[in-house]
Amino acid sequence: MILLKKITIDSIEDLRNAVQTAIELEHSTIPPYLTANFTLHNTGNDEISNIIGSVVGEEMLHLSIASNLLTAIGGKPCLNKPDFIPTYPGPLPGGVDSGLTVPLEKFSVDLVQNVFMSIEEPEHPISIKALANYAGSDEPMTIGQFYQKIKDKLKRMEEAAGPGKTIFTGKIEDQMTFEKFFPANLLFPITDLDSAIRGIDIIVDQGEGTSTDPFVNPDDSEIEEPAHYYRFQEIVKGKKLVKDPNAENGYSYSGAPVPLDSTHIPNMWPNPKMSDYPTNSLAFVNSKFFNYSYTYLLNSLHRTFNGEPEQINEAMGLMFSLRLYALTLLKTPDPNHPGFMAGPSFEFVTGEDLTPAERAKLKH
Amino acid sequence: MSYLNSPRLTFSGQFQADPSTVNNDPTHFNNVSFRPEYQQYTEGKNANGWWNPDGTGNWRFLGCTVKSVTYLDGTSTFHHADDPIIGMSIMDSDSKVCGKIVDLDSQQQGVSALWGLIVRLVSGEKDLFKADYEVAAFTNLWFTRSLDQTHDGAASATYQSILKNITWDLEESNSRYLKELFGCSPDQLSIQFTVDRYNGDHTSPQFTLGRIVGSIGPSTTSEPKHFTVGRQFFPTNSSISCYASAVLDSQVKCLSLDLSNSFQFDVDKATGHVVLAQHNKLILAVDKGATNYPDYEFLANIPYHEPDWYLGSSGVCSIPLSETQFELAEKYPLVIVTPNNPNDPDLIASTKQSTPVFQEFKEYVCADYPVFYLNPGESCEAQLYASSLGKPLPNRSVSFARNINALGPNPPVIGVPVEAIDFPETLTTDAEGKLSLPVKAGDPGNPRSYIDGQVYGIAYNLSNTYFSNCNQNNFISLLVFDSVEQTKIDNPTWSDLQPTMQQYANLYPLMSKGIFNLADQEVVDKNAEILKFVFGKEKSDPNYMPVTRDLSRDKQQMILNYLDGILSQTGKKDEITYKKL
């Protein structure tokens, strides 16, 4: 289970900072999930790839909800600064230093089990065999507790705002909805306490489920699907989670197979860094193109959530473009590690086009 | 005004051009004979999908920086200390996908155009200006520029266009140059660049990259966007040099001469540096003689051997002229000569005894933009400008004729049926030396079978001269699409779309293998929403699909109607789009 540092929210500014952390946290899961998913491309593992892809899509939704929430309470989402992206391998934003270390690695069952499931692990996961009780601690917090705290503070501050006043002072037209992609019942303008709570509930429910049902509440999903933690478990178990009246908690991993064939998964060297590659290598050049696309994507999303919602269309184009560069990297040998492939590093490349000497091999 | 006028900045660096090359062979459009290996790189004698089957279509600037500025008063500097924009970056978009490089057609690959390109002048995190590059095709393509290279690596070409929709941020800028540029041309700028030394070796770290030098300057809406009405220099030996152009700047009494695409380069074996292959002394002169009896009078040395001339000044020479010389230059054709005796210290005498390298054709006609896409029933108008020694040539007859000499390769057959385009044989220029050539398209009727529509060429010349007196690179190229039966457009089935979708899947493998396999009905149906979005975009949008921009109006409508049908049937959102991100 990922544990976050305890936060204090005493003012609207604190609340905005907490929601900014939420945006960063939701984003931070995307590079590791995407990296694993890129390595599954055309390897005959579509079932697994679709599971990871469905989680990525929902993380994007969560990022969007959190950004709309921040705008709603008069904040300015910031997505285009270098430290918006965590360092991989490392803790996730807001996470405790001693906690989970999240890497950028090729797909493996170990990665899903030890990292992805830890990220998504609820405070009280339902043991599909037998209900087990996790001893919850007061601090640090789980992601669910983190969002619960934001909800509590939203309620308290809205009540405290007084009659005729509200903390929801942001411009509604600055929020992003995107019906081509996310249905209106999942991504909607946040205008008041109710819609804010509803947004957070979607995030938590899709991620963790509830303490009694591993499936996402039908109101919070387009299709019937387990919460992220249990969806990842399907990969580990090799079978889909289904309702099972014979099982102790009414569910078992006894559905359609989720097969794995590791034969064609590219042997990506873990946690690549652009500066690791010699500047006169194809790996460096493609890593540069990948990172420019990623940086441009964050720029585009930043604009999307800061008053130019139609920029989401440009962001979509960049997401596809990013995938193509990742696939190219995964076909490019890692010049430093014979037998391994290069991979996407998800680094923020600021300013000009590097060179001369590729800006002295980057700063880090 | 154009990039040849002041205030001008020059920049240089690298560019990336990453076209998919599977469609470089017209026969690859034939779905029936298409083979999987056409999606592989060339291997030995097997051309397969040529040198870049995995191309994205992307075109971008890389590591380009401003090298010099020339002010309104004609003075120049190469030093950051003089003007802060020197050293700043010229970049493309930072918040959308890059521009795309696109051939008009598999049988007209000599007018590759840039679509959806953004141009920015960048200082750190700040854009001093940001603008849209108006779609433009390259011209003056030659394949013998770099003696140390082969194939596309040896080639060179120029792009000229305008920058529009400019946003400026000059608040904290203390650049005299930018203040002058904004002051005289706030709404539109002229941009030209020359690309060469392209690397087409997919095993090289420099793969898909090449060298670029460029210039940006003022622009007015009354002038052509894609060439400069000025002095046009024709090479006397086109295998070792290529066209040059110039303008006389009466404000500062100088000739701005663009030699950016004119000379050959080689690698200096001792230093490994890329250097000009040409070492001759070159002299700018006027020719006061009569036809076949030249009489060259010295104007100035051409300072093209100064260190860093090419990358620093982008091949543009500002040559100061005295009052007398300026009058001579206005009156007589210009010429660039090399003295027969280079050691003769007497410049006047050695100019008389010299050999021309570039000659100006006194009278000249050129189409501003010579590349058109037409659907049956549509018309286009090509704008032509006639001039004499750079001044408008009014009331002159210009002739037009079909010409497919530069199109190909065959098969399939090119330029038929001839009736599918209709245009007048002659027209006369107006008081400003301009004329507008209307071309009306009919329906070619699918003469190429497996490639939609047909390509056509129209050559032109002043009626009293020949096509060979023009820069033949600038002939008019047209792609005229076929029509589709209205019933198929209105009520399309998958089998109506399938051949077109199969073709895109075959010819653009990166898309079909990496994102959407358009040949798979299930994939298309499940992604109907996102596909409708990209197929319905403006052609100038860099996200427009297909990237090759060779989809006819009718087929586009048929595809959109099909996707609408899918969406209304299921009423569902795309199921798998986000899984493909």
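As the structure is a prediction and not an experimental result, all values here were calculated from the model. (Residues numbered from 1 in each chain as written. Chains lettered and ligands numbered in written order. Predicted model: local features only at pLDDT ≥ 70, side-chain atom pairs only at ≥ 80, totals over all residues. Heavy atoms only, no water.)

What follows concerns the overall build of chain B. Scanning chain B for helices and strands turns up 10 helices and 33 strands. Against the 2.2 N^0.38 benchmark of 25 Å for 581 residues, chain B shows a C-alpha radius of gyration of 25 Å, consistent with a compact globule. With the principal axes as the frame, chain B shows a C-alpha extent of 80 × 55 × 50 Å. Split into buried and exposed, the 581 residues of chain B put 60% on the buried side. Excluding contacts between residues fewer than 6 apart, the proportion of contacts in chain B whose partners are at least 24 apart in sequence is 71%. Split by element, the accessible area of chain B, about 22400 Å² in all, is 50% carbon and sulfur. (Helix = DSSP H or I, 4+ residues; strand = E, 2+ residues; numbered from the N terminus. Rg over C-alpha atoms; globule rule 2.2 N^0.38 Å. Buried < 20%, exposed > 50% of the residue type's maximum accessible area, 1.4 Å probe, protein only. Contact = heavy atoms within 4.5 Å. Areas by Shrake-Rupley, 256 points an atom, 1.4 Å probe, with all protein chains shown as cover.)

The helix and strand inventory of chain A stands at 10 helices and 2 strands. The helix and strand sequence of chain A, counted from the amino end, reads α-α-α-α-α-α-α-β-β-α-α-α. In summary, chain A has a C-alpha radius of gyration of 21 Å against a globular reference of 21 Å for 364 residues, a match within 12%. Overall, the C-alpha framework of chain A stretches about 65 × 55 × 40 Å when taken along its three principal axes. Across the 364 residues of chain A, 59% fall into the buried class.

Next up on the list: unusual backbone geometry. Outside of glycine, negative phi angles account for most residues, and trans bonds account for most peptide bonds. Between Gly-408 of chain B and Pro-409 of chain B the backbone carries a cis peptide bond, its omega angle lying at 5°. By the secondary structure assignment, Pro-409 of chain B is in the loop between β28 (397-402) and β29 (421-422). Omega for the peptide link from Pro-411 of chain B to Pro-412 of chain B comes to -5°, which places this bond in the cis form. The backbone phi angle of Asn-42 of chain A is positive, close to 55°, even though this residue is not glycine. Position of Asn-42 of chain A relative to the elements: it lies in the loop between α2 (30-38) and α3 (46-72). The phi dihedral of Ser-449 of chain B falls on the positive side, at around 55°, and the residue is not glycine.

We now examine the environment of Phe-227 of chain B. Residue and element names in this part refer to chain B. Tracing the sequence through the fold places Phe-227 in the loop between β13 (209-218) and β14 (231-235). In this structure Phe-227 comes out as buried when scored by relative accessible area, which is 10%. Separated by 66 residues in the primary sequence, Phe-227 and Ser-161 place their C-alpha atoms 7.8 Å from one another. Apart from residues lying up to four places away in sequence, Phe-227 is in contact with Gln-160, Gln-232, Tyr-364, Cys-366, Ala-367, Asp-368 and Tyr-385.

What follows covers the domain arrangement of chain A. All names here are of chain A. Each assigned domain of chain A is listed with its residue range as follows: domain 1 (12-264) and domain 2 (274-361). The C-alpha-based centres of domain 1 and domain 2 are spaced at 25 Å. Each side of the interface is counted separately: domain 1 has 30 residues, and domain 2 has 25 residues. Interface area, domain 1 with domain 2, both sides summed: about 2300 Å², of which 74% is carbon and sulfur. Linking domain 1 with domain 2 are 6 residue pairs in polar contact (both at pLDDT 80 or more), by the criterion used here. Among the secondary structure elements, those contributing two or more residues to the side of domain 1 that touches domain 2 are α2 and α3. Here the element with the most residues in the side of domain 1 that touches domain 2 is α3; it accounts for 6 residues. (Domains from an automatic or database assignment. Buried area = accessible area lost by both parts, 1.4 Å probe. Polar contact = N/O pair within 3.5 Å; in protein donor to acceptor, adjacent residues only side chain to side chain.)

Residue and element names in this part refer to chain A. Close contact between α2 and helix α4 (residues 109-120) brings their axes to 11 Å; oriented N to C, the two are set at 150°. On the basis of the axis angle, α2 is roughly antiparallel to α4. Our pair here, α2 against α4, has a crossing hand that is left-handed. Residues Pro-32, Tyr-33 and Ala-36 of α2 lie in contact with α4, whose contacting residues are Leu-111, Phe-116, Ile-119 and Glu-120. Tallied by class, residues from the contact of α2 with α4 come to 6 nonpolar, no polar and 1 charged. (Axes fitted to C-alpha atoms, helices over the stretch in contact; angles between N-to-C directions. Parallel < 35°, antiparallel > 145°, perpendicular 65-115°, else oblique. Left-handed = near helix turned anticlockwise from the far one by under 90°. Nonpolar A, V, L, I, M, F, W, Y, C, P; charged D, E, K, R; others polar.)

Residue and element names in this part refer to chain B. The two faces of strand β31 (residues 434-441) differ: Leu-435, Leu-437, Val-439 and Ala-441 on one face are buried, but Lys-434, Ser-436, Pro-438 and Lys-440 on the other face are not. Inspection of the sheet shows β29 paired to β31 by 2 bridges, in the antiparallel sense. Pairing of Ile-421 across the sheet is with Ala-441, part of β31. (Pairing = 2+ DSSP bridges.)

Membership of the largest hydrophobic core comes to 147 residues, with the highest contact counts inside it found for Ile-150, Leu-154 and Phe-168 of chain A together with Leu-531 of chain B. It is α3 of chain A that contributes the most residues to this core, 13 residues altogether. When neighbours within four sequence positions are excluded, Leu-531 of chain B is seen to be in contact with Phe-516, Leu-518, Val-524, Met-545 and Leu-563 of chain B. In this structure, Leu-104, Phe-207, Ile-212 and Tyr-373 of chain B belong to the second largest nonpolar core, which totals 92 residues. (Core = buried A, V, L, I, M, F, W, Y, C linked by side-chain atoms within 4.5 Å.)

It is worth spelling out the side chain of Asp-174 of chain A at this point. The residue Asp-174 of chain A is located in the loop between α5 (143-160) and α6 (193-208) in this model. Apart from residues no more than four positions distant in its own chain, Asp-174 of chain A is found in contact with Thr-71, Thr-304, Phe-305 and Gly-307 of chain A.

Right, let's talk about the packing of helix α1 (residues 12-28) of chain A against α3 of chain A for a bit. Packed helices, taken two at a time, are described by the angle their axes make and the gap between the axes. Residues and elements named next belong to chain A. Across the interface, α1 lies against α3 with an axial gap of 8 Å and an inter-helix angle of 165°. Taken together, the axes of α1 and α3 are roughly antiparallel relative to one another. Regarding α1 and α3, the two cross each other, and that crossing is left-handed. Taken together, the residues of α3 that come into contact with α1 (itself represented by Arg-16, Val-19, Gln-20, Ala-22, Ile-23, Glu-26 and His-27) are Glu-59, His-62, Leu-63, Ala-66, Ser-67, Leu-69 and Leu-70. A breakdown of the residues in the contact of α1 with α3 according to their chemical character gives 7 nonpolar, 4 polar and 3 charged.

A few words on the sheet that holds strand β25 (residues 371-374) of chain B. All names here are of chain B. The strand order β25-β33-β32-β28-β30 describes an open sheet built from 5 strands, whose pairing is mixed. On the outer flanks of this sheet lie β25 and β30 (426-428), each paired with one strand and no other. Within the sheet, the average angular offset between the axes of one strand and its neighbour, ignoring direction, is 25°.

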